[in-house]
Amino acid sequence: MSAVEPEDAVLYEATPSGVAIITLNRPERLNAWGPDMAPAFYAAIDRAELDGAIRVIVLTGRGRAFCAGAHLGSSGATDAVGDSLQKAGEKDVADLVGERPPHFVTELRKPVIAAINGACVGIGLTQALMCDVRFAAAGAKFAAVFARRGLIAEFGISWILPRLTGWGVALDLLLSGRTFLADEAAELGLVKEVVAPEDLMRRVMEYAEDIAQNCSPTAMSVIKRQAYGDANRDVAAANLAAEALMWEALPRPDVMEGIVSFLQKRPPRFPALNP
């Protein structure tokens with residue numbers, strides 16, 4: 001893995017409508033994940049999560065790739081890679097990939113949308129699958145390459161992938177490590193839409209801004225908690241939890257605003273999330 005480079009590893013932009021755009025910024029290495037990128041990524045996510053003006057987070061990559069896996073160095077650096085792997089067993093995983101596992105984005109209160117602009121491989125695929133909604137550029141390549149590198153299904157991908165595709169498809173992708181394109185990813189349920197590369201960010205921003213302007217931040221935060229929490233509950237327990245959450249929701253101003261704005265045929269003015 002390379003040393004920290006001077007240019008920001010992750011870019012951050014906020015729109016007036018309340019959408020934060022977080023861009024992985026190592027295009028020269030296809031945004032491969034490294035120790036320079038992890039802290040910058042966490043800082044950008046935390047900034048968006050804590051900013052009351054931000055209602056939706058969009059994650060994308062600069063250049064030809066979303067994230068092409070872990071940064072293992074150049075093709076001529078095999079000795080260095082071997083030395084790094086030998087030492088890896090002596091280190092905490094956080095030293096290699098960062099202190100937070102990819103699933104931490106499922107615990108955020110705000111929706112996270114992936115705009116997959118190109119290659120989405122290995123830990124990059126895991127990061128994308130942990131986002132709440134995914135769009136992909138036509139022709140983008142996907143692969144869960146772990147078995148082809150002698151690795152196991154890393155960082156929670158064995159948890160999220162079967163939930164998105166079903167067991168048969170998940171085992172096909174994990175055991176074969178094969179490459180597949182955006183169109184197949186959509187057929188398998190991994191991405192919501194496939195968009196021409198030049199139209200990807202326009203379409204993602206259209207979707208994100210609609211959510212930011214018309215959906216209650218508080219409601220979205222609770223729905224995320226329900227969706228991921230209910231994945232490990234039976235339906236009866238999920239229903240009981242939903243009933244309790246409904247009683248908590250009814251007195252909130254969001255509910256009144258949602259109903260009144262609908263009846264008055266105007267855009268809602270939902271309050272921001274509390275800290």
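Worth saying up front: this structure is predicted, and the values here are computed from it rather than measured.

1. Looking at the nonpolar core
Then step 1. Ranked by size, the top nonpolar core spans 47 residues in total, and within it Phe 41, Ile 116, Phe 142 and Ile 157 carry the most contacts.
Then step 2. Examining the composition of this core, we find that seven residues originate from one element, helix H1 (residues 37–50), more than from any other.
Then step 3. With residues near it in sequence (within four places) discarded, Phe 41 still touches Val 10, Ile 22, Leu 24, Trp 33, Leu 59, Phe 104 and Gln 127.
Then step 4. In this structure, Val 19, Val 56, Val 58 and Val 195 belong to the second largest nonpolar core, which totals 17 residues.

2. Digging into the side chain of Gln 127
Then step 1. As for its placement among the helices and strands, Gln 127 is situated in helix H4 (residues 123–130).
Then step 2. On the accessibility criterion, Gln 127 (7% relative accessible area) is buried.
Then step 3. Ignoring anything within four residues of it in the chain, the contact list for Gln 127 reads Trp 33, Phe 41 and Pro 102.

3. Some thoughts on the packing of aromatic side chains
Then step 1. Tallied over the full model, the rule gives six aromatic pairs.
Then step 2. Summarising the aromatic geometry, the rings of Trp 33 and Phe 41 are spaced 5.5 Å apart at their centres and angled 80° between planes, so their arrangement reads as edge-to-face. Each of the two residues, Trp 33 as well as Phe 41, counts as buried.
Then step 3. On the basis of an interplanar angle of 20° and a centroid distance of 5.6 Å, the ring pair of Phe 142 and Phe 180 is categorised as stacked. Here Phe 180 lies in strand S9 (residues 179–181) and Phe 142 lies in strand S8 (residues 141–143), a separation of 38 residues in the sequence.

4. Overview of unusual backbone geometry
Then step 1. Phi is positive for Leu 30, close to 60°, though the residue is something other than glycine.
Then step 2. Along the polypeptide, Leu 30 turns up in the loop between strand S2 (19–24) and H1.
Then step 3. Overall, the relative accessible area of 26% leaves Leu 30 in the partly exposed class.
Then step 4. Here the phi dihedral of Lys 265 falls at roughly 55°; this positive angle occurs in a residue that is not glycine.
Then step 5. Judged by relative accessible area, which is 76%, Lys 265 ranks as exposed.

5. Re the pairing of strand S3 (residues 56–61)
Then step 1. Taking burial as the measure, the six residues of S3 include six buried ones, the bulk of the element.
Then step 2. Because side chains alternate across S3, one face comprises the buried residues Val 56, Val 58 and Thr 60, and the other comprises Ile 57, Leu 59 and Gly 61, equally buried.
Then step 3. Across six bridges, S2 lies against S3 in parallel orientation. Paired with Thr 23 across the two strands is Thr 60, which belongs to S3.

6. Observations regarding helix H9 (residues 217–230)
Then step 1. Under the 1.5 Å per step criterion, the end-to-end length of H9 is 20 Å for 14 residues, consistent within 8% with the ideal 20 Å.
Then step 2. Within H9, the full set of buried residues consists of Pro 217, Thr 218, Met 220, Ser 221, Val 222, Lys 224 and Tyr 228.

About the thresholds
- Residues numbered from 1 in each chain as written.
- Predicted model: local features only at pLDDT ≥ 70, side-chain atom pairs only at ≥ 80, totals over all residues.
- Heavy atoms only, no water.
- Core = buried A, V, L, I, M, F, W, Y, C linked by side-chain atoms within 4.5 Å.
- Buried < 20%, exposed > 50% of the residue type's maximum accessible area, 1.4 Å probe, protein only.
- Helix = DSSP H or I, 4+ residues; strand = E, 2+ residues; numbered from the N terminus.
- Contact = heavy atoms within 4.5 Å.
- Phe/Tyr/Trp six-rings, centres within 6.5 Å; stacked < 30°, edge-to-face > 60°.
- Pairing = 2+ DSSP bridges.
- Expected span 1.5 Å × (residues − 1).

No statement about biological role is implied by the geometric values presented.
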